[in-house]
Structure formats: structure tokens, C-alpha cells
Amino acid sequence: ACGEILYDVLAALGPITPEIALPLYVAVSTDTGCFVYANTTPHTHKVAAALMEQGIPFQALNKKHFRTKSMRRLKLESLILKNMHLYHDGTVAVAPISLGMMAEAGATSEDTDDLAAFLGQIEGVLHTATIREHEGGECRISVRTRADLLNATKVCARLGGGGHKAASGCTVKGTVGEAERAILAAIDGQLSQPTQD
């Protein structure tokens, strides 16, 4: 996690104060999805422990960043679940987020933070794509995968995007429906490859 690198640099320069520890803890915890993503290592936990020892309000920080949602966000999640589609025996979830859905939920861009991870909480889902419609006939797609089974970078590269193995993105011109067909074809094409390196 980026916060771990910053911690190592700052710790080498001098003592870590509570004022430094608080934003570093937020960086480490959010980069690792509250310590559940594959980038969580023993070193990550050691850094988090060292930061917690500075007396930061880690419980309040965790509640704010991982356990609190606006009513607008919850309404948007409800609409996403209502409109999403499952493919490949329920292992691939694709969710359109249209401008109409955003308006119906009264949602803003702030309410869409980390929506790509939301679908991955569904039991049995291994790979997800969220399609966010923007003005001007453009859709931005965020792909999250179990990287050992499907390389998200290669999926998004098929549509001119990129990122890393477990999280990538791309932009597609057209309607939400067209974007869904495009990303599903990219996922299907990559799943049909003999290896996912």
C-alpha cells in the first residue's frame, strides 16, 4: 500500500507523530480495503499497529471509511442490485449506473466512491464490472477481478484501458447497454484464453 511506503520514508526521517499517523493510517487502511485486499501483508499490519500506538482514533476512522454510508448511497446500491446482471453461473456481475439511477437516488459523485468493490461482496461473485454513465455519451467502466483467475488489465486493454491485474478501468463511447455488451465481450474473450498471466 502507498501508505506503507510513506510510513517507511517518514519513519526514517524522524518520529511519527499522531498528526502524521492519522492520515497514514487512513491511507493504509483504505489502500488495503480495511486489510482484506491481497496487498495486505504482515508488514501492513505492523505499520498499522505502529500508527495505532500513536493514539489515533482508529475505531472512529474505520467506522467513517468502512461502516458508514449516506442514505443516497444506500438508495443507489439498491438500484444497482435491481439492475445488475450475473453471467458465467453467477461468478461475473455487471452493474450499469445510469444518469437516471443517479438522479433517482439523488446521488452525487461522492456517493459512488468504491462502488466497484460493492458487487464483489455478493456470494459467489469473483469478477465485477461497474459501468458509470457520464454526460456526452461516455461510460466509464471499473473492473475488479480475482486476479489469479482473470487479469483485469488484459480485460480493459481490449477496450483501450488499463490498470493492474485485480483492478482496472476503461472508457467506452455509447449507451450503458452498449458498454455492458462491450465489457462482457472483453471478459468473455479473456476468460477463453488458456492462461491469465
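Our subject is the structure that appears above.
Quick caveat: nothing in here was measured; it's all calculated off a predicted structure. (Residues numbered from 1 in each chain as written. Predicted model: local features only at pLDDT ≥ 70, side-chain atom pairs only at ≥ 80, totals over all residues. Heavy atoms only, no water.)

(A) Broad picture of the overall build of the protein. When its secondary structure is counted, the protein shows nine helices and six strands. Once the C-alpha set of the protein is aligned to its principal axes, its extents read approximately 55 × 45 × 30 Å. Within the span of the protein, comprising 197 residues, buried residues form 40% of the whole. Considering only contacts within the protein whose residues lie at least 6 apart along the sequence, 60% involve residues at least 24 apart. Roughly 10,500 Å² of accessible area belongs to the protein as shown, and the carbon and sulfur atoms make up 56% of that amount. Distance between charge centroids for the protein: 2 Å, based on 18 positive and 21 negative side chains. (Helix = DSSP H or I, 4+ residues; strand = E, 2+ residues; numbered from the N terminus. Buried < 20%, exposed > 50% of the residue type's maximum accessible area, 1.4 Å probe, protein only. Contact = heavy atoms within 4.5 Å. Areas by Shrake-Rupley, 256 points an atom, 1.4 Å probe, with all protein chains shown as cover. Lys, Arg positive; Asp, Glu negative; His and termini not counted. Charge placed at Lys NZ, Arg CZ, Asp CG, Glu CD.)

(B) Structural view of the nonpolar core. In this structure, Ile-131, Ile-141, Val-143 and Ile-183 are the most contacted members of the largest nonpolar core, which totals 18 residues. At the level of secondary structure, the elements contributing two or more residues to this core comprise strand E2 (92-97), strand E3 (127-134), strand E4 (138-144), helix H8 (152-157), strand E6 (167-173) and helix H9 (176-191). When sequence neighbours within four positions are dropped, the list of residues in contact with Ile-141 reads Ala-129, Thr-130, Ile-131, Ser-168, Gly-169, Cys-170, Val-172, Ala-179 and Ile-183. The next biggest cluster of nonpolar side chains, apart from the first, holds 15 residues, and it includes Leu-76, Ile-97, Met-101 and Ala-105. (Core = buried A, V, L, I, M, F, W, Y, C linked by side-chain atoms within 4.5 Å.)

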